[in-house]
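Examination of the molecular architecture
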Amino acid sequence: MTNNAKHQVHHLSTAFIFIFGALGGLLFGFDTGIISGASPLIESTFHLSIAQTSFVTSSVLIGSSIGALSIGTLSDKYGRRKMLLISALLFIAGSLLSAFATGFVSMAIARIILGLAVGGASGLTPSYLAELATTEHRGSISGMFQLMTTAGILLAYVSNIGFLHHNLLGWADWRWMLGSALIPAILLLFGSLLLPESPRYLVQNGNITEARAVLHVLRAKTNVDPDQELTNIEKIAAQDKNQGGIRELFKVAKPSVFVAVGIMLLQQLVGINSVIYYLPQVFIKGFNFPDNKAIWISVGIGVVNFLTTILATIIMDKFNRKTFLLFGSVVMALSLIIISIMSFTMSIKDAAVPTMLFIALYIFGFAISWGPIAWILIGEIFPLNVRGIGNSIGSAANWIGNFLVTQFFLSLLNLCHDKIGGPFLVFAAFAILSIFFVIFCVPETRGKSLEQIELELRKKTKVK
């Protein structure tokens with residue numbers, strides 16, 4: 001670290017470091033949520049077919065999968081901070097290209113570039129935050145990624161409503177919607193120029209002096225001894241003689257890979273993104289709501305999602321991770337089953353308001369548990385030398401689950417004659433499955449340092 005860089009780190013507050021470190025989550029949420037309001041307008045402007053519109057919407061998933069799978073190896077090799085900077089540049093490039101798109105091809109390319117950034121952020125940010133946080137507050141700090149994600153989704157909904165039918169300065173409303181992502185992207189760019197590198201990555205690469213400087217800044221207002229923490233990190237790093245990679249990952253962390261893939265798939269298969277992406281269509285098709293009322297319902301659900309995630313962040317470190325997950329699974333399963341029963345047994349008029357309330361309860365169950373904790377866990381359960389690539393595989397599993405949910409939800413809804421009970425019953429089955437997965441497969445990580453977790457993992461896999 002140069003003297004100038006050290007000076008910058010010493011003058012950064014820990015609040016700045018953690019908030020800007022989590023900004024990738026806000027862009028993750030914004031760029032996945034903004035298309036829900038912009039896609040009908042883009043379809044009309046460019047006279048797209050249904051297949052082309054669907055591809056524009058889902059093309060971000062192509063880039064996301066590539067970004068999520070690549071970011072881990074790159075961050076293990078070049079560092080978390082550098083990859084955060086590259087993600088910010090990709091967010092800026094994708095936002096600009098989206099806003100200036102001239103047709104289907106240019107829009108699809110822009111969305112794929114945005115996907116690279118979104119996938120990179122989802123694979124990188126949880127491990128970066130986990131490596132910066134103290135053991136005592138790692139849950140709430142790592143949970144900031146999901147908090148920022150829900151804030152991004154809510155801001156996307158607000159942006160859609162704010163710019164709709166306002167062609168400012170001769171620019172179409174959807175261009176303003178997509179271009180508004182530039183603001184947080186630029187903030188992330190400037191933040192990543194100032195943010196410190198992960199002290200654990202620095203130790204892994206022999207930069208002990210720099211790691212000590214970063215830890216002293218991060219622990220300045222805590223009761224944690226940064227020198228003792230550095231000693232513990234060095235001990236574990238000394239055991240990680242190999243430099244990582246996919247072969248090393250499966251050698252030392254097979255159980256972690258299984259848990260990461262399982263928990264990230266289930267986080268999506270309980271149906272959360274079907275609600276985020278398609279809630280207006282659910283109430284338009286299933287309950288004959290007018291468009292404007294349906295969009296406002298999605299804003300209301302976005303508020304519930306955001307406020308509940310704030311609550312989760314505040315209380316995250318007071319209860320075990322598995323307790324939160326089990327509570328959320330039960331709430332989601334019961335809510336989805338009740339919604340399904342109402343859908344098949346009650347009239348549209350009678351079921352509309354109760355359905356809204358139970359969807360809000362379902363969102364509460366997700367946002368208090370599986371929303372933040374899935375991302376926290378994948379940042380905790382991998383050894384240091386393969387943490388980046390491990391996070392990548394978990395994040396990629398999340399995007400595969402996302403694709404499955406978004407690809408087949410409308411088909412299931414149509415198959416059930418626009419009764420949401422059909423697809424919601426499928427999601428309920430996965431919510432029930434998630435209960436057993438948590439009980440039998442997920443390790444408890446609360447209150448343990450990353451080094452303790454790694455030692456337990458090594459004992460379990462009998463790797464010396």
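Residues numbered from 1 in each chain as written. Predicted model: local features only at pLDDT ≥ 70, side-chain atom pairs only at ≥ 80, totals over all residues. Heavy atoms only, no water.

An unreviewed UniProt entry annotates the chain as Sugar porter family MFS transporter originating from Candidatus Paralactobacillus gallistercoris. What UniProt records for the chain under Sequence similarities (unreviewed entry) is the sentence "Belongs to the major facilitator superfamily. Sugar transporter (TC 2.A.1.1) family." For the chain, the Subcellular location (unreviewed entry) comment in UniProt is given as "Cell membrane". (UniProt positions renumbered as here; feature names shortened; annotations may be inferred.)

Counting secondary structure elements, the chain contains 23 helices and 0 strands. Computed over its C-alpha atoms, the radius of gyration of the chain comes to 22 Å, within 12% of the 23 Å expected for a compact globule of 464 residues. For the chain, the spread of C-alpha atoms along the three principal axes comes to 65 × 50 × 40 Å. Taken across its 464 residues, the chain has 58% of its residues classed as buried. A separation of at least 24 residues holds for 83% of the contacts in the chain among residues at least 6 apart in sequence. Counting only carbon and sulfur atoms, one obtains 69% of the accessible surface of the chain, whose full area is about 18500 Å². Across the chain, 32 positive and 23 negative side-chain charges occur, with their mean positions spaced 4 Å apart. (Helix = DSSP H or I, 4+ residues; strand = E, 2+ residues; numbered from the N terminus. Rg over C-alpha atoms; globule rule 2.2 N^0.38 Å. Buried < 20%, exposed > 50% of the residue type's maximum accessible area, 1.4 Å probe, protein only. Contact = heavy atoms within 4.5 Å. Areas by Shrake-Rupley, 256 points an atom, 1.4 Å probe, with all protein chains shown as cover. Lys, Arg positive; Asp, Glu negative; His and termini not counted. Charge placed at Lys NZ, Arg CZ, Asp CG, Glu CD.)

With that settled, consider the pattern of salt bridges. Evaluation of the coordinates by the stated rule reveals 6 salt bridges. Here Arg-80 makes a salt bridge to Glu-131, at a shortest N to O gap of 2.8 Å. Residue Arg-80 is found in helix H6 (residues 80-99), and its partner Glu-131 is found in helix H7 (residues 104-132); the two are separated by 51 residues along the sequence. Using a relative accessible area of 1% as the deciding quantity, one classes Arg-80 as buried. The network of salt bridges with common partners includes Arg-200, Arg-219 and Glu-229. (Salt bridge = Lys/Arg side-chain N within 4 Å of Asp/Glu carboxyl O.)

On to the environment of Ile-420. Among the structural elements, Ile-420 can be located in the loop between helix H21 (387-415) and helix H22 (421-441). A residue is classified by how much of its surface remains accessible, and Ile-420, at 2% relative accessible area, is buried. Put simply, Ile-420 and Ala-117 are 303 residues apart on the chain and 33 Å apart in space, counted from C-alpha to C-alpha. When residues no more than four places from it in sequence are discounted, the contact partners of Ile-420 are Val-282, Phe-287, Ile-339, Ser-343, Thr-355 and Leu-413.

Here helix H5 (residues 50-78) crosses H6 at 130°, and the two axes come no closer than 7 Å. When the axis of H5 is compared with that of H6, the two are oblique. Where H5 abuts H6, its residues Ile-71, Leu-74, Ser-75, Asp-76 and Tyr-78 lie against Arg-80, Lys-82, Met-83 and Ser-87. Grouping the constituent residues of the contact of H5 with H6 by class yields 4 nonpolar, 2 polar and 3 charged. (Axes fitted to C-alpha atoms, helices over the stretch in contact; angles between N-to-C directions. Parallel < 35°, antiparallel > 145°, perpendicular 65-115°, else oblique. Nonpolar A, V, L, I, M, F, W, Y, C, P; charged D, E, K, R; others polar.)

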